[in-house]
Amino acid sequence: MTPKLLRGRVLSFKSRPQARDDHASYVYEEDGAVLVENGRISAAGRYAEVRLNSPIGVELIDHRPLLLMAGFIDPHIHFPQMQVTASYAANLLEWLNTYTFVEEQRFADAAHSARFAKLFFDELLRQGTTTAAAYCSVHKGSADAFFAEATRRNLLMVGGKVMMDRNAPLALTDTAQSSYDDTKSVIADWHGKGRNHVAITPRFAITSSPAQLEAAGTLAREHPDLLIQTHLSENNAEIAYTMELYPEARDYTDVYARHGLLTRKMLLGHAIHLSDREMDAIAEAGSVAVHCPTSNLFLGSGLFDLKRLKEHGVRTAIATDIGGGSSYSLLRTLDEAYKIQQLRGHRLPPIENFWQATRGNAEALGLVDRIGTLDPGTDADIIALDASATPAMAIRMETVETLEEELFVLQTLGDDRSVRQVYVAGEAV
Ligand code: GUN
Ligand code: ZN
């Protein structure tokens, strides 16, 4: 692999921005460069300096005036739901039963899974998403297809075979034992192979018996380095039914805590309707509340309470939740997240949004030593963004003077058209 010197306007985050003008939270070089060698970033900073320290024969790729950033990270998405997006339903449970649990049955078929694994990663990369944490279907073969394709493309992907043993069509259920066994073999076959990470994936409390959550807890104890992903408090009817199924639990969060699943490795999709007690328990455990704004609006689930979650010290992330979500684009997702906080009377500065979609999501996945920044030593998953990608954006950009304003234009008007180049482990895709 020839070393590459990517020249452009370089942006990388250092910490969560505390205000709209928190310049200490990021580094930005107007005439910057990123040096890529053997799939990793070996230097980033001012072009003149990085150029001086580049090896002889380096390939110079000039992306000016585009913005070079770490690739977007989508920490909650459903691989088998590409054909579920844009399905008309009144609420979460109707949407699951009418469309989702029907569509996911098709992933019993290996050829179907293989076809959609290709389509899925094609779409993510088109959108500048270089890492995702994905739910596969209940079928072990869907996880095999997912990881086989991720390996072929040298992508850093997190995925898990969904565990679900009740309250779903028979063809879409496993058992506590088979879900344990299948997850074990997915881990043995794929975790640590290439850049793959396997996640323990009990779908949610409604579709898992207590025995299955127990099995998930056992997996979490046996593999403390693995991420865990599930859904929490997305919809009021879901919460009421969960409390009927788990009457001994204090609240929905306690259902997972009782089974040893509320840990620092846990990604809690949605986490909308939470009491103070639940937020405290989640904060203490170090679990992550994953905001899925387009999905929460689309399914009418509710408005994520970012301000309260932050006040309680809960770690956060932002994700598309395709197919409940209505866009694969993290830019579109940041826009909807901003609007939800507007409705809640809470300011969400664009730099905090862009931190969240990159470094913040990497921290949520515990992978910031590999992805989410342009720090030397990390994997070279890099995107080049164009804030003037459409005529309307170009006109708006004529009056933009600061980086913060430019990021706001990108999140408000941008989509896949703003993603002009994507590098995966240093290779252009
Ligand atoms: N809760 C349980 N399964 C799902 C799912 O597939 N999508 C969403 N949005 N919520 C869920
Ligand atoms: Zn989901």
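Before reading on, note that the structure itself is shown above.
The structure displayed is predicted, hence computed values, not measured ones.

S.K.: An account of the coordination of the zinc ion (ligand 2) is requested, with residue identities and associated values reported.
M.R.: The zinc ion (ligand 2) binds to the protein through His76 (NE2), His78 (NE2), His231 (NE2) and Asp321 (OD); the donor distances cover 2.0 to 2.4 Å. Between the 4 donor atoms coordinating the zinc ion (ligand 2), the angles at the centre fall across 90 to 165°, so the site counts as irregular. One chain supplies every donor for the zinc ion (ligand 2), spaced along it as H-x1-H-x152-H-x89-D. You'll find His76 and His78 in the same group, each marked buried.

S.K.: How would you sum up the packing of helix 3 (residues 110-126) against helix 4 (residues 140-152)? Please name residues and give values.
M.R.: Relative to each other, helix 3 and helix 4 sit at 45°, their axes nearing to 9 Å. Considered as vectors, helix 3 and helix 4 are oriented oblique to each other. Crossing of helix 3 against helix 4: the hand is right-handed. Residues Ser113, Ala114, Ala117, Lys118, Phe120 and Phe121 of helix 3 form the contact with helix 4, whose own contacting residues are Gly141, Ser142, Ala145, Phe146, Glu149 and Ala150. When grouped by side-chain class, the residues that make up the contact of helix 3 with helix 4 number 7 nonpolar, 3 polar and 2 charged.

S.K.: With reference to specific residues and values, describe the pattern of salt bridges.
M.R.: Within this structure, the stated rule accounts for 37 salt bridges. Between Asp416 and Arg126 there is a salt bridge; the shortest N-O distance is 3.1 Å. Of this pair, Asp416 sits in the loop between helix 15 (403-413) and strand 15 (419-424) while Arg126 sits in helix 3, placing them 290 residues apart in sequence. With a relative accessible area of 24%, Asp416 lands in the partly exposed category.

Rules used throughout
- Residues numbered from 1 in each chain as written.
- Chains lettered and ligands numbered in written order.
- Predicted model: local features only at pLDDT ≥ 70, side-chain atom pairs only at ≥ 80, totals over all residues.
- Heavy atoms only, no water.
- Donors = N, O, S within 2.8 Å, 3.2 Å for Na, K, Ca; no water.
- Tetrahedral: all angles 85-135°; square planar, octahedral: opposite > 155°, others 65-115°.
- Buried < 20%, exposed > 50% of the residue type's maximum accessible area, 1.4 Å probe, protein only.
- Axes fitted to C-alpha atoms, helices over the stretch in contact; angles between N-to-C directions.
- Helix = DSSP H or I, 4+ residues; strand = E, 2+ residues; numbered from the N terminus.
- Parallel < 35°, antiparallel > 145°, perpendicular 65-115°, else oblique.
- Left-handed = near helix turned anticlockwise from the far one by under 90°.
- Contact = heavy atoms within 4.5 Å.
- Nonpolar A, V, L, I, M, F, W, Y, C, P; charged D, E, K, R; others polar.
- Salt bridge = Lys/Arg side-chain N within 4 Å of Asp/Glu carboxyl O.

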